[in-house]
Amino acid sequence: MKPLIWKEFRENVRWMPIGLLVSAAVCWMVHPRYQGNNSLLAIALVNQFAIITPLLAFALGVVQAYRDLQNAAGAYLNHRGVTASDVFLAKTISGFAIYIVSVIVPLAGLAAWVAYHGMWWFPMRPAQVIPAFVFALAAFAMHPAATLMMSRSASWWGTRLFPLAPAAAMLAVFYAYLRDGGLLWAGISFLVGLLMLAWMIAIARQSWRQLASDPPAATVNASLRRRWLLPTYMLVGSVVCLTTAVMFAIAFVEDLSRSKVYVPTPTSTLAIEEGTDKVWLVTHQQDYDSSIGNYSDKVLGGEIVTGAATELNVMANDAKNRKFRYLNYVTQLRSMYYNSDGFFTQPNASQGRSLNYAYDARGYLIGYEQYPQLRWVTTIAADGVHPAGVLAGKPFKLDALGNGYQIFMTLANFGFPHPLIDADGVYVIDQDPIAIRKIIDLPIDGVSNVEAGEGLAPRLIIRSENQLSEFQLVDETGTDDWFETQRSNSMTRTQKIPNNIKLSAELVRTVTLPDAGFTKGAFGIAWTADAIVVSKNWIDQQSSQSNDFYRLKADAPIEKVTFAIDPGTSVAPDFDKFTLTTMLVGMIPGGLDLTGFAIALAIYITDPSQPNPVVDFIRYPIMVSTFFVSFIIITALSFWLVRRAAYRRGLSRQQTRCWNWSVPFLGLAAPLSIIAIYRLVHREPCPACTAPRRVDLHECEHCGEPWQPPADQGIEIIDQAA
């Protein structure tokens, strides 16, 4: 075995400098420099390695496999008593050594560079190269996939390339989790990647053993129970290829059929009327207003919702020419954050004009000065401000920066400093000098930012268990007239520099939620002067089922209002219609459809605020009928193709019956799998029954007549020993 490994290493080590050069070039392009970087280190590194490492592993596998698959080389090795398994393992071991050295050396150099410079220029640390290394390790799966592809005997390149599909699909999953997952998902992906590599190597090894040992006779398409690895892999490849093709077809059809002109969509929802604080059921839509160069909300109709109302006309003219505030979501705080690599968030400039802050997964805000020099200048913890170069103090429990920006996006978009929302309270960062203050000391389970009327600052609503607390954000004068969505150039009190505002919070009222259902998921909330309006039933525009909302007051009983929509005035968009996309969805394997439906149903059972898939099936009869008709047609076609493919491959009745049973779950992937797994069997007319019979069987599979050698002509020369 050692001489074989040395032979492979000696013959292919010349490819190592190419791998080193490519990996080093990528590490140089993505490393954070003094000029800054457009992307975080781990994100940029995984993005680039997702391109180069699969290509490196694939190219190395093709180069190694091609030489020994030639007839002369293969005959020589087999003649010397070397098994096909030994040849394959020697190629895999030597190929992995060459590949991993080409990747590790540049990554180690990058980690050393990051460790030397620290976080002074950009939020980075050496551990951020780990996700890229884990992806590179998983990408080596393309090496055994390449050897498997090269060892297959296929009459057309479609079936020859099948082995690449499952490996590429698995790498896509690894990329999705490693790009933003940080060390946690890097560790999980590392363990899963080792199992995936072991599975791929076992599959490719089985293919190489069959290449040298399979007899070309009656056992070619025999039972595969003892060789389940390779057929299972090819089955997965067929499903992946079919599903990918269908998804690309759907995307292409959607792009062609999508209107290039913006078509407003009417929506009915609960709203609060400005000035009167009455609750309305309003139908509105967003139209483009050329006078302001943006989209504006236009009210189409609606009615006031009162306790005595039974059915409401959503197109009534009463709501026109009125101004409304719509319900917002109360969302749960997130421990993870968007646009991150698991170590830091993307630097955010919403907390100051001169500093960009990045949130470190260890629970600190790291502030970077942009001008005149890019450098780390401050560290902010939950209990105070600390100098650059140290991570000290009490860390935040969650991503307070990201949660605050998500909730108070309106403030950030208009240049105001937004609060920082953590699990145990709300903070603000003051400028000149930089300081952090805790303005709300309260455990937080959910939070929302709601409009409080024209000219007033948004109100902060905090859910702590079953209690809702409303806070008013005021400036140093104790008023909330500091907020203005469209500031003019006049030097009035409301035109002060937003970063100089020192916000505080004043408790306005506390109310109790009606039931436990409001603590399990998101719900709608709106503000009025005397009550807080909440609703967990979003409006169903296509039926007259009952909907309700609650008015919550501090010192009064909970008021529940139930209403229904007049089905004759529904203005829901006409989604239920025949589309080519729905027909294409019917081509997706039935097993995937059932899995998706089961997942959607499980999500609805655990969280009733999510859409009910059973109700959606009933709601759209035309689309559902189109899907089932398409599915039935594709299934019937698949049955016919399975019979044809099984006949051409010479499968037994039992094998054909098993593949027929799989058709409802695999669809067109079933005949594709037969083509990919089994070899084509040649046939010739039977002398007895004239039906085409397999040439590798001793008896005709149709009439049972034994094989008869052709009649002698007297001129044949036959080697009896052979």
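Residues numbered from 1 in each chain as written. Predicted model: local features only at pLDDT ≥ 70, side-chain atom pairs only at ≥ 80, totals over all residues. Heavy atoms only, no water.

Novice: I'd love a proper account of the overall build of the chain, names of residues and values included.
Specialist: Of regular secondary structure, the chain possesses 18 helices and 23 strands. Looking at the chain as a whole, 46% of its 722 residues qualify as buried. Once local pairs closer than 6 in sequence are excluded, the contacts in the chain between residues at least 24 apart make up 60%. For the chain, the exposed surface amounts to about 36100 Å²; the carbon and sulfur share of it is 61%. (Helix = DSSP H or I, 4+ residues; strand = E, 2+ residues; numbered from the N terminus. Buried < 20%, exposed > 50% of the residue type's maximum accessible area, 1.4 Å probe, protein only. Contact = heavy atoms within 4.5 Å. Areas by Shrake-Rupley, 256 points an atom, 1.4 Å probe, with all protein chains shown as cover.)

Novice: Go over the pattern of salt bridges, please, and point to the residues and values.
Specialist: Throughout the structure, instances matching the rule amount to 15 salt bridges. The partner of arginine 362 in a salt bridge is aspartate 360, and the shortest N-O contact between them spans 2.6 Å. Across the pair glutamate 559 and arginine 551 runs a salt bridge, and its minimum N-O distance is 3.0 Å. Given a relative accessible area of 35%, glutamate 559 falls into the partly exposed group. Salt bridges linked by common partners bring Arg125, Asp360 and Arg362 together as one network. (Salt bridge = Lys/Arg side-chain N within 4 Å of Asp/Glu carboxyl O.)

Novice: Before we move on, can you summarise the side chain of aspartate 422 with the specific residues and values?
Specialist: With respect to the element layout, aspartate 422 can be found in strand E11 (residues 420-422). Here aspartate 422 is buried and forms no salt bridge, its nearest opposite-charge partner lysine 397 lying at an N-O distance of 6.7 Å. Among the polar contacts listed, one links the side chain of aspartate 422 to the backbone nitrogen of lysine 397, at a separation of 2.9 Å. Not counting chain neighbours up to four residues away, the residues in contact with aspartate 422 comprise Leu333, Phe396, Lys397, Leu398, Ala400, Tyr427 and Ile444. (Lys, Arg positive; Asp, Glu negative; His and termini not counted. Polar contact = N/O pair within 3.5 Å; in protein donor to acceptor, adjacent residues only side chain to side chain.)

Novice: Give me a nonpolar patch on the surface: which residues, what numbers.
Specialist: Together, Val173, Tyr177, Leu184, Trp185, Ile188 and Val192 make up a nonpolar patch on the protein surface, roughly 540 Å² of accessible area in all. Turning to its location among the elements, leucine 184 is positioned in helix H9 (residues 164-213). Its relative accessible area of 59% is what places leucine 184 among the exposed residues. (Patch = residues over 30% accessible without salt bridge, like charges linked within 9 Å, V, L, I, M, F, W, Y side chains within 5 Å.)

Novice: An account of the sheet that holds strand E19 (residues 532-535) is needed here, citing residue identities and associated values.
Specialist: Pairing in this open sheet of 10 strands is mixed, and the strands run E4-E21-E20-E19-E18-E6-E14-E15-E16-E17 from one edge to the other. The sheet is open, and its two edges are formed by strand E4 (311-312) and strand E17 (504-512), each paired on a single side. Pairing of strand E16 (residues 467-474) with E17 involves eight bridges; the strand directions are antiparallel. Its bridge partner being in E17, leucine 473 is matched across the sheet by alanine 505. (Pairing = 2+ DSSP bridges.)

Novice: For helix H16 (residues 621-648), give the residues involved together with the corresponding values.
Specialist: Between the first and last C-alpha of H16 there are 40 Å, a value that for 28 residues agrees with the 40 Å anticipated at 1.5 Å per step. Close packing links the buried residues of H16 with helix H13 (580-585), helix H14 (590-606), helix H15 (613-619), helix H17 (653-666) and helix H18 (669-677). Directly beyond the C-terminal end of H16, a positive phi value near 70 degrees is found at glycine 650. (Expected span 1.5 Å × (residues − 1).)

Novice: Now, about the side chain of arginine 459: what can you tell me, with residues and values included?
Specialist: By secondary structure assignment, the location of arginine 459 is in strand E15 (residues 459-464). Taking the relative accessible area as the measure of exposure, arginine 459 reaches 8% and is therefore buried. At a separation of 2.7 Å, a polar atom in the side chain of arginine 459 contacts the side chain of glutamate 470. Once residues within four sequence positions are removed from consideration, arginine 459 is found in contact with Ser448, Asn449, Val450, Ala452, Glu470, Phe471, Gln472, Asp480, Val508 and Trp527.

Novice: I'd like a description of the sheet that holds strand E9 (residues 375-381), backed by residues and values.
Specialist: Note on sheets: strands pair through backbone hydrogen bonds, and any given pair is parallel or antiparallel. Pairing is antiparallel in the open sheet, where four strands are placed in the order E7-E8-E9-E10. The open sheet has two free edges, formed respectively by strand E7 (355-360) and strand E10 (384-387), since each of these has just one partner strand. Averaged over neighbouring strand pairs, the angle between their axes works out to 30 degrees when direction is ignored. The pairing of E7 with strand E8 (residues 364-369) spans six bridges and is classified as antiparallel. (Axes fitted to C-alpha atoms, helices over the stretch in contact; angles between N-to-C directions.)

Novice: Give me the pairing of E19: which residues, what numbers.
Specialist: Here E19 shows no split at all, with Ile532 and Val534 on one side and Val533 and Ser535 on the other all buried. Counted along the chain from strand E18 (residues 523-527) to the antiparallel partner E19, the turn is four residues long. Pairing of E19 with strand E20 (residues 547-552) involves three bridges; the strand directions are antiparallel. The residue bridging valine 534 from the neighbouring strand is tyrosine 550, located in E20.

Novice: Any chance you could break down the confidence of the model for the chain for me, citing the residues and the numbers?
Specialist: Counting all residues, the mean pLDDT for the chain is 80, and 84% of those residues have values of 70 or more. Mean pLDDT values over the elements of the chain span from 55, in helix H4 (residues 71-79), up to 94, in helix H6 (residues 130-139). With pLDDT under 50 throughout, residues 212-221 is counted as low confidence; its partners more than four residues away or in other chains account for 16 contacts. In the model, residues 487-495 has pLDDT below 50 throughout and makes 15 contacts with residues more than four positions away in sequence or in other chains. (pLDDT = per-residue confidence, 0-100.)

Novice: Before we move on, can you summarise unusual backbone geometry with the specific residues and values?
Specialist: Its identity as a non-glycine residue notwithstanding, aspartate 277 has a phi of 60 degrees, on the positive side. Positioned with a positive phi, asparagine 321 is a non-glycine residue whose angle comes to about 65 degrees. Structurally, asparagine 321 is set in the loop between E4 and strand E5 (324-326).

Novice: Describe helix H7 (residues 142-151), with residues and values.
Specialist: With respect to burial, H7 is a largely interior element, 10 of its 10 residues being buried. All of the buried residues in H7 are Met142, His143, Pro144, Ala145, Ala146, Thr147, Leu148, Met149, Met150 and Ser151.

Novice: Please set out the environment of lysine 323 residue by residue, giving values where relevant.
Specialist: Here lysine 323 shows up in the loop between E4 and E5. Residue classification places lysine 323 among the exposed residues on the basis of a relative accessible area of 55%. Sequence separation between lysine 323 and isoleucine 272 is 51 residues, and the spatial gap between their C-alpha atoms is 8.4 Å. If we ignore the near neighbours within four places in the chain, the residues touching lysine 323 are Ile272, Glu273, Glu274 and Glu454.

Novice: Any details on the nonpolar core? Residues and values, ideally.
Specialist: Counting residues in each nonpolar core, the largest one holds 80 residues, and the members touching the most others are Leu45, Phe49, Tyr99, Met200, Tyr233 and Trp659. If one sorts the elements of this core by residue count, H9 sits on top with 13 residues. Sequence-distant contacts of tyrosine 233, that is, excluding residues within four places in its chain, are made with Ala145, Leu148, Pro163, Pro166, Ala167, Trp199, Met200 and Ile203. (Core = buried A, V, L, I, M, F, W, Y, C linked by side-chain atoms within 4.5 Å.)

Novice: If you had to explain the pairing of strand E13 (residues 435-440) to someone new, which residues and values would you point to?
Specialist: In this sheet, E13 lies alongside strand E12 (residues 425-430) in antiparallel orientation, the contact comprising five bridges. Following the sheet pairing, valine 428 is matched in E13 by arginine 437. Taken together, E12 and the strand that follows it, E13, pair antiparallel across an intervening segment of four residues, in which aspartate 432 is found at a positive phi of about 50 degrees.

Novice: Go over the environment of phenylalanine 416 with me, naming the residues and quoting the values.
Specialist: For phenylalanine 416, the location among the structural elements is in the loop between helix H12 (409-413) and E11. With a relative accessible area of 1%, phenylalanine 416 lands in the buried category. A sequence separation of 66 residues divides phenylalanine 416 from tryptophan 482, and the C-alpha atoms of the two residues are 9.7 Å apart.

Novice: Explain the packing of helix H10 (residues 229-257) against H18 residue by residue, including any values.
Specialist: Interaxial distance between H10 and H18 falls to 9 Å at its minimum, and their mutual angle equals 135 degrees. Considered as vectors, H10 and H18 are oriented oblique to each other. For H10 against H18, the interelement crossing comes out right-handed. Seen from H10, the contacting residues are Pro231, Met234, Leu235, Ser238, Val239 and Leu242; seen from H18, they are Ala669, Leu672, Ser673, Ala676 and Ile677. Here the residues of the contact of H10 with H18 sort into nine nonpolar, two polar and no charged. (Parallel < 35°, antiparallel > 145°, perpendicular 65-115°, else oblique. Left-handed = near helix turned anticlockwise from the far one by under 90°. Nonpolar A, V, L, I, M, F, W, Y, C, P; charged D, E, K, R; others polar.)

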